[in-house]
Amino acid sequence: MKRYGEHRFPGKLFIVEGIDGSGKSTQLMLLHQWLQAEGYGTVFSEWNSSPLVKETTRRGKKKQMLTPATFSLIHATDFADRMEHNIIPLLKAGAVVLCDRYIYTAFARDVVRGMEPKWVRELYSFAVKPTGAFYFRVPLDVAMKRILDGRTGLKFYEAGMDLELADEPEESFRIFQGRILEEYEKMVPEFDLTVVDATLPIEEQQVQMRQIVKAKLAQAKRLRVSP
Amino acid sequence: MRETYGVVLPGMNLVDLTGKLIVIEGTDGVGRSTQINLLKPWLEQQGRAVLETGMTRSSLAGGGIKQAKEGHTLGRITLSLFYTTDFTDRLENEIIPALRAGFVVLTDRYTYSLMARAIVRGIDPAWIRQVYSFAPKPDAVFYLRIGVDDLIPRVVFSRGFDYWESGMDLHPSEDMYESFRKYQTALLAQFDVLGEEFSFEVVDASADIRTVFERLRAGIARVLSGEPREPLFAVPRPKETVEEAAKAEEAGEAKVVEVPAPNKVTAAGE
């Protein structure tokens, strides 16, 4: 079994991280467009996308039967499925793989829920190291404004309601995201995440991102695929 | 206070768990459930409340694992973690509350089987030990030991070879018999390794049901009365380990020998 580390597959893996409302998904979408236009075989791998484990996760969440430990483990199971059946085969095939959230999301979320940081990191040690990991840094208030403007109702686990931080979902969400933010900041030096200032104009962030990705793709062969 | 093999899960209070956690371990078809079906009424006759639990029985993940296994589509790491989820759900929602209520918890396998099966499938042994390091240490682990030659007729003449118990996912090109023999041999060897590390009490499972039952009864009676384990039951520690521990003690490295080696996960976490 491969331990967490540099992969030697021909493909490349780029991931984005950040709290909800940091704009990371928009940036990844723009990167995707550009990579395709440049002729790279590019594939999105989405978090929580495995059909096999999905049903268990969905039920656990719906019935609110997840504890911090089972929440952590069911998501790790789902991630492992994605790693074994999606990400690794794609990397072997030479694709540029894009992930909206990666193991760092789990590290932040699980540690805020009280899991031992070292245990969670070890749990995910089967994951391959990304070619590039971008962290979209944004102040809590900016992110909160972006999210709460555009949506109605927060989900139970999403708002961290299981932690009993506050009675109101919105207040709970704010406290929860604030703690997640602190965990992300700890991980920047630990995992050498590339920090992008997510308060800059969208185009400016994208320029930074493309420069870095371009440099890392310098030797990668372009896998021509028809759109 | 009950100890774990390493980390403690959030919200898991290990104080005042007055019940007893008794594990029956052993490979597939060795007669674990037969024995548990005898032990449960025997304990209840003595006025002991018993919780019986086993793998893939959690309300959270039990059904999902069964479905996934029917499709044979899960990767090795994924399947291992799915089992861990199932175990954790039962630990938090059944085992711990029962121990708190003073029950005797009889569990048909524990983390050891899950580790053995994962390791045989090429999972990193240090990783899987670390993953399960939150498991509370049981009061006793009775390991029903059998050789592969004694095991085969039992399986053939009861339920037949099963896909997973034959490790067909590992040797898909072979017939069930060859695969079963190869897989179970590897699994039994892994159990012996874990048995030493986690100090299993070994019961010879090639004996008849009655004899095995009497042996287990004697062992469990001893656990319930709080008497120390008979040295006869113990698997001797390898000589080197004993010598090393003695050396370390002389050198004043108290930390290393603080916990007698058998119950400590030494391979994990470094």
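How each quantity is defined
Residues numbered from 1 in each chain as written. Chains lettered and ligands numbered in written order. Predicted model: local features only at pLDDT ≥ 70, side-chain atom pairs only at ≥ 80, totals over all residues. Helix = DSSP H or I, 4+ residues; strand = E, 2+ residues; numbered from the N terminus. Buried ≥ 20, exposed ≤ 12 C-beta atoms within 10 Å, placed from the backbone. Expected span 1.5 Å × (residues − 1). Arc of directions from axis to C-beta. Contact = placed C-beta atoms within 7 Å. Pairing = 2+ DSSP bridges. Axes fitted to C-alpha atoms, helices over the stretch in contact; angles between N-to-C directions. Parallel < 35°, antiparallel > 145°, perpendicular 65-115°, else oblique. Left-handed = near helix turned anticlockwise from the far one by under 90°. Nonpolar A, V, L, I, M, F, W, Y, C, P; charged D, E, K, R; others polar.

Draft legend 1. Highlighting unusual backbone geometry. Phi at Glu164(A) takes a positive value of approximately 55°, unusual for a residue other than glycine. As for its position among the elements, Glu164(A) is in the loop between α6 (140–149) and α7 (169–191). One non-glycine residue, Asp16(B), lies in the positive phi region at around 60°. Mapping Asp16(B) onto the fold places it in the segment before β1 (20–26). With 10 C-beta atoms packed within 10 Å, Asp16(B) lands in the exposed category.

Draft legend 2. The arrangement of helix α8 (residues 209–225) of chain B in detail. All names here are of chain B. Compared with an ideal rise of 1.5 Å per residue, which puts 17 residues at 24 Å, α8 spans 24 Å between its outermost C-alpha atoms and is within 8% of the ideal. Along α8, the positions that sit buried rather than exposed are Val 212, Arg 215, Leu 216 and Ile 220. Projected onto a plane normal to the axis of α8, the buried residues spread over an arc of 125° and lie on a single side. Structural note: α8 exposes Arg 210, Ala 218 and Ser 225 on the side pointing more than 90 degrees away from its buried face. Buried residues in α8 make contact with β1, α1 (32–45), β4 (140–145) and β5 (201–204). Immediately downstream of α8, the backbone of Gly 226 shows phi near 80°, a positive value.

Draft legend 3. Representation of the sheet that holds strand β2 (residues 50–54) of chain B in the model. All names here are of chain B. Judged by pairing direction, the sheet is parallel, and its 5 strands sit side by side in the order β2-β3-β1-β4-β5 without closing on themselves. The two strands at the open ends of the sheet, each matched to only one other strand, are β2 and β5. Direction aside, the axes of adjacent strands within the sheet are offset by 20° on average. Examined bridge by bridge, β2 and strand β3 (residues 104–108) share 5 bridges and lie parallel to one another. Within β3, the position partnered with Leu 51 by the bridge is Val 105.

Draft legend 4. Local environment of α1(B). Residue and element names in this part refer to chain B. Taking 1.5 Å as the rise per residue, α1 with 14 residues should run 20 Å; its terminal C-alpha atoms sit 20 Å apart, in good agreement. Those residues of α1 lying buried are Arg 32, Gln 35, Leu 39 and Leu 43. One side of α1 holds all its buried residues, which, seen down the axis, span an arc of 65°. For α1, exposure combined with an orientation more than 90 degrees from the buried face picks out Asn 37, Pro 41, Glu 44 and Gln 45. Looking at the buried positions of α1, the neighbouring elements they touch are β1, β2, β3, β4 and α8. Once α1 ends, the next one or two residues include Gly 47, with phi positive near 85°.

Draft legend 5. Local environment of the packing of α6(A) against α7(A). Residues and elements named next belong to chain A. Between α6 and α7, the least distance of the axes is 11 Å, while the angle of their chain directions is 135°. By the angle class used here, α6 and α7 are oblique. Every pair of crossing elements has a handedness; the one defined by α6 and α7 is right-handed. Every residue of α7 that contacts α6 at Leu 140, Ala 143, Met 144 and Leu 148 is listed here: Glu 170, Arg 174, Gln 177, Gly 178 and Leu 181. Class assignment of the residues belonging to the contact of α6 with α7 gives a composition of 5 nonpolar, 2 polar and 2 charged.

Draft legend 6. Representation of the interface of chain A and chain B within the structure. The interface of chain A with chain B comprises 29 residues on the first partner and 26 residues on the second. When residues of the side of chain A that touches chain B are assigned to their parent elements, the largest contribution, 11 residues, is made by helix α3 (residues 68–92) of chain A. For the side of chain A that touches chain B, a count of residues per class yields 14 nonpolar, 8 polar and 7 charged.

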